[in-house]
Amino acid sequence: MSGDESFTMDDVLDASNIGPEPSEEYIHALSVLDNVVRDCMYVSKRAGGLPSPTSAHFFASVLFTALVTRGVSLVNLAPHSPWASKLIEHWDYSSLTGIVRTMVEIRVAYFYLCREQCTEDEWYCRWNLFNLHDCCSRIRLFEALGATEEVEGFRVQADELRDRLRANSFFTNLDPKRHKKLLHGQTAYLFPLEEIAERAGIAIGSFRWLYVLFSAHVHSLPMSFYRMGGDNPERGRGLPSPVEEGYSTLCLSLASVLLTATRDEFSALFDDMTEEPEYPTFDDEAEAEVTDALDIGGSTIVPVSDDMKFEIQRLSETSYQFRYLRLPGEELVLERVEDEETGTSLKWFDPYYWRFLLNGKPATENDLSALEDRPYMIKVDHADATIKFIG
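J.: Is there a simple way to explain the overall build of the chain in this structure?
T.: When helices and strands are tallied, the chain shows 13 helices and nine strands. Seen through its C-alpha atoms, the chain measures out along the principal axes to roughly 85 × 60 × 45 Å. Classification of the 391 residues of the chain by burial places 40% in the buried group. Here the contacts in the chain between residues at least 6 apart in sequence split such that 58% fall between residues at least 24 apart. Carbon and sulfur atoms provide 52% of the accessible area of the chain, an area that totals close to 21600 Å². Side-chain charges of the chain comprise 36 positive and 65 negative groups, with the mean position of each set lying 10 Å from the other.

Quick look at the structure:
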């Protein structure tokens, strides 16, 4: 193009190939990840604010948060995601592989530092080896910036960490040939990643294959772009194709597995410390007492917990509107109508705040869509931030 010509947004939309609807396999993988991420956010929220009795608990909270954050990024980036509105569905599995590779590594770090059983001396050896690697990485970072003062400070810390390791009984009992390499600070783990991954539930053959595939795209190695064009005209251009959809499905499915395993271990670690909060009772009898006292068109505010209040308005003789306002900002997270003749109907809800159960089990978007063809009941549990469907 030249002169006043430009490539407008309309041109972009015209040039984009929307393509056929994704396969059932891809939609299923996306729905599972959507549900798992939401559930992990709920589990993380329940443990928020709890004291960490051990360093393993502290790092579990840090690493689980990091893993869930990557999961949110992944589900936002995925084509046809319910988390994001897009002008076009952009297919780019290469970008998905970068996120999922970091999720694999976070999963390995979580298992190694927070889940795998070992002696106290070994745990402190692992932890200080992490500290030394972090310190040496910062030395290289500030050396690149020419920040001499910061470099000298980190070198002092690195020497202190080496002294800690030399004084650790587990470290001293390792093969002396390994000491020099570990003390150099370029190795974060006592064992190869693939061995830790296998103990964490990822078969060593699968780990090796996935790591080669993902790393090729993260580092833009030849394997990541050699098959663009030619017999694969749509590959790598953001367009839907069997290759893009297949690898995208792989990324979403693997992320769900990593999140689920870590969520279960995180829950087990904090279960004994997590107590369900006590909320004021607002059952059917209390609800009826409040609503019956309202005139048609009248409204009232009912505080029901430290972080939730209801705004209730009487719409007619038989129907009432409930607005759920999250405190302290009075953010609307749900609006429902309760009718004595037709039952409960949801008018609007914040999909990021609530989790969904169908007949007691986590529900996907497809599960809930299927309810439109059959009768069902709804129960909103504000104390548990859960909407329960029965049908």
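J.: How should the packing of helix α4 (residues 93-115) against helix α10 (residues 204-218) be read in this particular structure?
T.: Geometrically, a packed helix pair is captured by the angle between its two axes and the distance between the axes. Here α4 crosses α10 at 130 degrees, and the two axes come no closer than 8 Å. If you check the angle between α4 and α10, you find them oblique. Remark: the crossing between α4 and α10 carries left-handed chirality. Taken together, the residues of α10 that come into contact with α4 (itself represented by Y93, S94, T97, G98, V100, R101, V104 and E105) are F207, Y211, F214, S215, H217 and V218. Across the contact of α4 with α10, the residue classes break down as seven nonpolar, five polar and two charged.

J.: I tried to follow the layout of surface pockets on my own but got confused; where do I start?
T.: Over the atoms a probe the size of a water molecule is rolled, and this reveals where empty space is left. Reported here for the second largest pocket is a volume of approximately 520 Å³. As for the second largest pocket, its lining consists of 19 residues, and the residues nearest its centre are L63, E105, A109, F130 and Y189. Counting only elements with at least two residues in the lining of the second largest pocket, the list comes to α3 (55-77), α4 and α5 (120-145). In the lining of the second largest pocket, the residues fall into 12 nonpolar, four polar and three charged.

J.: Looking at this model, I keep getting lost on a nonpolar patch on the surface. Mind explaining?
T.: Residues F225, Y226 and M228 make up a contiguous nonpolar surface patch of about 350 Å² in total accessible area. Looking at where M228 falls in the secondary structure, it is placed in the loop between α10 and α11 (242-270).

J.: Before we go on, may I ask you to explain the pairing of strand β9 (residues 386-390) in this structure?
T.: With four bridges connecting them, strand β6 (residues 355-358) and β9 associate as parallel partners. By the bridge assignment, L358 is partnered in β9 with F389.

J.: What is the right way to read a negative patch on the surface from this model?
T.: A contiguous patch of negative charge, built from E289, D292, E340 and E341, is present on the exposed surface. Inspection of the secondary structure assignment puts E289 in helix α12 (residues 284-292). Judged by its relative accessible area of 62%, E289 is exposed.

J.: How should I be thinking about the side chain of R38 in this particular structure?
T.: For R38, the position within the fold is in helix α2 (residues 24-46). R38 gets classed as buried once you look at its relative accessible area, which sits at 10%.

Here is what the cut-offs are and how they apply
- Residues numbered from 1 in each chain as written.
- Predicted model: local features only at pLDDT ≥ 70, side-chain atom pairs only at ≥ 80, totals over all residues.
- Heavy atoms only, no water.
- Helix = DSSP H or I, 4+ residues; strand = E, 2+ residues; numbered from the N terminus.
- Buried < 20%, exposed > 50% of the residue type's maximum accessible area, 1.4 Å probe, protein only.
- Contact = heavy atoms within 4.5 Å.
- Areas by Shrake-Rupley, 256 points an atom, 1.4 Å probe, with all protein chains shown as cover.
- Lys, Arg positive; Asp, Glu negative; His and termini not counted.
- Charge placed at Lys NZ, Arg CZ, Asp CG, Glu CD.
- Axes fitted to C-alpha atoms, helices over the stretch in contact; angles between N-to-C directions.
- Parallel < 35°, antiparallel > 145°, perpendicular 65-115°, else oblique.
- Left-handed = near helix turned anticlockwise from the far one by under 90°.
- Nonpolar A, V, L, I, M, F, W, Y, C, P; charged D, E, K, R; others polar.
- 1 Å grid on protein atoms, 1.4 Å probe; cavity = no way out; pocket = protein on both sides within 12 Å on 5 of 7 lines; lining within 4 Å.
- Points joined across faces, edges and corners; volume = space filled by probe spheres on them.
- Patch = residues over 30% accessible without salt bridge, like charges linked within 9 Å, V, L, I, M, F, W, Y side chains within 5 Å.
- Salt bridge = Lys/Arg side-chain N within 4 Å of Asp/Glu carboxyl O.
- Pairing = 2+ DSSP bridges.

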